[in-house]
Amino acid sequence: AAGQIKLSSIGVTYVSSGELTSSTIDLGAPAVLEQLTWFPSGQPSGIGSTPIRFQIATNLDNLTWNFVGPDGTDTSYYTSSVSDIAAIHAGDQYLRYKVFLSTTDTSKTPSITDIAVTYTSGCLPPGQIDVGGLSSGSYTITVSKSGYATTAKTITISSDTYESIQLNP
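Rules used throughout
Residues numbered from 1 in each chain as written. Predicted model: local features only at pLDDT ≥ 70, side-chain atom pairs only at ≥ 80, totals over all residues. Heavy atoms only, no water. Phe/Tyr/Trp six-rings, centres within 6.5 Å; stacked < 30°, edge-to-face > 60°. Helix = DSSP H or I, 4+ residues; strand = E, 2+ residues; numbered from the N terminus. Buried < 20%, exposed > 50% of the residue type's maximum accessible area, 1.4 Å probe, protein only. Contact = heavy atoms within 4.5 Å. Salt bridge = Lys/Arg side-chain N within 4 Å of Asp/Glu carboxyl O. Pairing = 2+ DSSP bridges.

Participant: Quick question: what am I supposed to make of the packing of aromatic side chains here?
Facilitator: Aromatic ring pairs are defined here through the distance separating the ring centres and the angle between the ring planes. Enumeration over the complete set of coordinates arrives at three aromatic pairs. Here the aromatic rings of Phe54 and Tyr97 are separated by 5.7 Å at their centres, their planes lie at 55°, and the arrangement is tilted. Separated by 43 residues along the polypeptide, Phe54 in strand E6 (residues 52–59) and Tyr97 in strand E8 (residues 92–102) bring together distant segments of the chain. Residue classification places Phe54 among the buried positions, given a relative accessible area of 0%. A relative accessible area of 14% places Tyr97 in the buried class. Plain terms: the ring middles of Tyr77 and Phe100 are 5.3 Å apart, the flat faces sit at 85° to each other, and that makes the pair edge-to-face. Taken together, the residues span a long stretch of sequence, with Tyr77 in the loop between E6 and strand E7 (82–84) and Phe100 in strand E8 at a distance of 23 residues.

This is the structure in structure tokens:
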């Protein structure tokens, strides 16, 4: 299916293992990686104890890719569908992941439909934005999020302006 990572099939059977390396993800600034999540978390029964494994590589130069697992070595893997990411990646800007799929029953394949990496930047904690390049003057900002009341606020921009807008359920 489109948007799905799974093992290749040959006729009605799947190959026993395979891997995929992502393209480079630019986090926009040095960041602290928080959590790796993938869906679906449940996989077909009888395909092995760790049918999905991940490793992560990060850097500041967008050139050096050393894939490691949660203990910081190339012999460990993230095997839980919700995993805290090792602190070794803190302060890096570029990210790639490698996913390893395997099955002990070649009539079935593990699959992934969504992958998420949460992170924070020292400049922008979660839920904040930075808008630059605005001329001095008044602007109306409208903030909305599903499950919260939409809020509009008029702000006046001078040389350095910081504004806070709180959303209420």
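Participant: Just to check I follow, could you spell out the side chain of His89 for this structure?
Facilitator: As for its position among the elements, His89 is in the loop between E7 and E8. Look past the residues within four positions of His89 in its chain and what remains in contact with it is Ala31, Leu33, Ile56, Ala57, Thr58, Val68 and Tyr78.

Participant: Explain the pattern of salt bridges to me, please; I cannot follow it from the model alone.
Facilitator: Pairing between side chains becomes possible if they bear opposite charge and their charged atoms approach one another. One pass over the structure, following the stated rule, counts one salt bridge. Glu19 is the partner of Lys98 in a salt bridge, and the nearest nitrogen-oxygen pair spans 3.9 Å. Taken together, the positions of Lys98 in strand E8 and Glu19 in strand E4 (residues 17–21) put the pair 79 residues apart, joining distant regions of the chain.

Participant: Would you mind showing me how to read the pairing of E8 here?
Facilitator: In regular strands, side chains alternate between the two faces of the sheet. Most of E8 sits inside the fold, with nine of its eleven residues counted as buried. In the sheet, E4 pairs with E8 via five bridges, with the strands oriented antiparallel. Residue Ser17 lies in a different strand from E8, and its bridge partner there is Ser102. Pairing geometry for strand E5 (residues 25–39) and E8, over three bridges, is antiparallel.

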